[in-house]
Amino acid sequence: MTTTYAALLRGINVSGRKRVPMPELRTVLTELGHTGIATHLQSGNAVFRSETDDEDLLAAALEKALHRRLGFAVDCLVRDAAYLAAVARACPFPAAELEGKQLHATFFDRPVDADRFAGLEAGDFLPEEFRLGDRCLYLYAPDGLGRSKLAVALGRPRHVKGLTATSRNWNTVAKLVELTRG
């Protein structure tokens, strides 16, 4: 039985650094034996099917193959279709009423608890807000991520140290849900 997954690559194709052309990503996924491969945008989103049911194993194999092929490390998260759909359903903000640039999901490699973000005074960042979900953080930034003071605070090492994390705007989250749906 095959499962549909999304691979989320962290920190590639930004400012000309860590260039991962999407055709190369598709080739690597094919060489790993995956099927139904498609990429979305140039920011490291790929959809594929696999008989393997271990997301961490899939991510580790992809990281190793990309390093071997491209000569540099790329952190990867792999999430199945059911997880992505659950993240979309659990969004605590009115996603349908917001522009995609106003809402983001940061995906983590493991569960995080609220203690990790202790010390952030919510009132200091209003109208920006965040909520934790299942291995993700939802960020409402009405002026976009590029102007978000809360995003900067959330990304400080004391909050994300030891985690692999990668963010996607809500348009991308919705598209990945659609692409992994079938």
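Structure's up top.
Report on the accompanying structure. This structure is a prediction, so every number in the text was calculated from the model and none was measured.

Cut-off values and rules
- Residues numbered from 1 in each chain as written.
- Predicted model: local features only at pLDDT ≥ 70, side-chain atom pairs only at ≥ 80, totals over all residues.
- Heavy atoms only, no water.
- Helix = DSSP H or I, 4+ residues; strand = E, 2+ residues; numbered from the N terminus.
- Buried < 20%, exposed > 50% of the residue type's maximum accessible area, 1.4 Å probe, protein only.
- Pairing = 2+ DSSP bridges.
- Axes fitted to C-alpha atoms, helices over the stretch in contact; angles between N-to-C directions.
- Parallel < 35°, antiparallel > 145°, perpendicular 65-115°, else oblique.
- Left-handed = near helix turned anticlockwise from the far one by under 90°.
- Contact = heavy atoms within 4.5 Å.
- Nonpolar A, V, L, I, M, F, W, Y, C, P; charged D, E, K, R; others polar.

1. Notes on the environment of Lys-175
Part 1: With respect to the helices and strands, the residue Lys-175 is situated in helix 6 (residues 170-181).
Part 2: By relative accessible area, Lys-175 is classed as partly exposed at 28%.
Part 3: As a C-alpha pair, Lys-175 and His-40 span 135 residues in sequence and 8.2 Å in three-dimensional space.

2. Let's talk about the sheet that holds strand 1 (residues 3-9)
Part 1: Read across the open sheet, the four strands follow the order 2-3-1-4; overall the sheet is antiparallel. Of all the strands in the sheet, just strand 2 (35-40) and strand 4 (76-80) have a single pairing partner and so form its edges. On average, each strand axis in the sheet is tilted by 20° relative to the strand beside it, whichever way the strands run.
Part 2: In this structure, strand 1 lies alongside strand 3 (residues 45-50), joined through six bridges in antiparallel fashion. Paired with Thr-4 across the strands is Arg-49, a residue of strand 3.

3. Digging into the packing of helix 3 (residues 81-89) against helix 6
Part 1: With their axes 9 Å apart at the nearest point, helix 3 and helix 6 run at an angle of 140° to one another. The orientation of helix 3 relative to helix 6 falls into the category oblique. Read as a crossing pair, helix 3 and helix 6 show a hand that is left-handed. Facing helix 3, whose interface residues are Ala-81, Leu-84, Ala-85, Val-87 and Ala-88, helix 6 presents Trp-170, Leu-176, Val-177 and Thr-180.
Part 2: Among the residues making up the contact of helix 3 with helix 6, the classes are represented as eight nonpolar, one polar and no charged.

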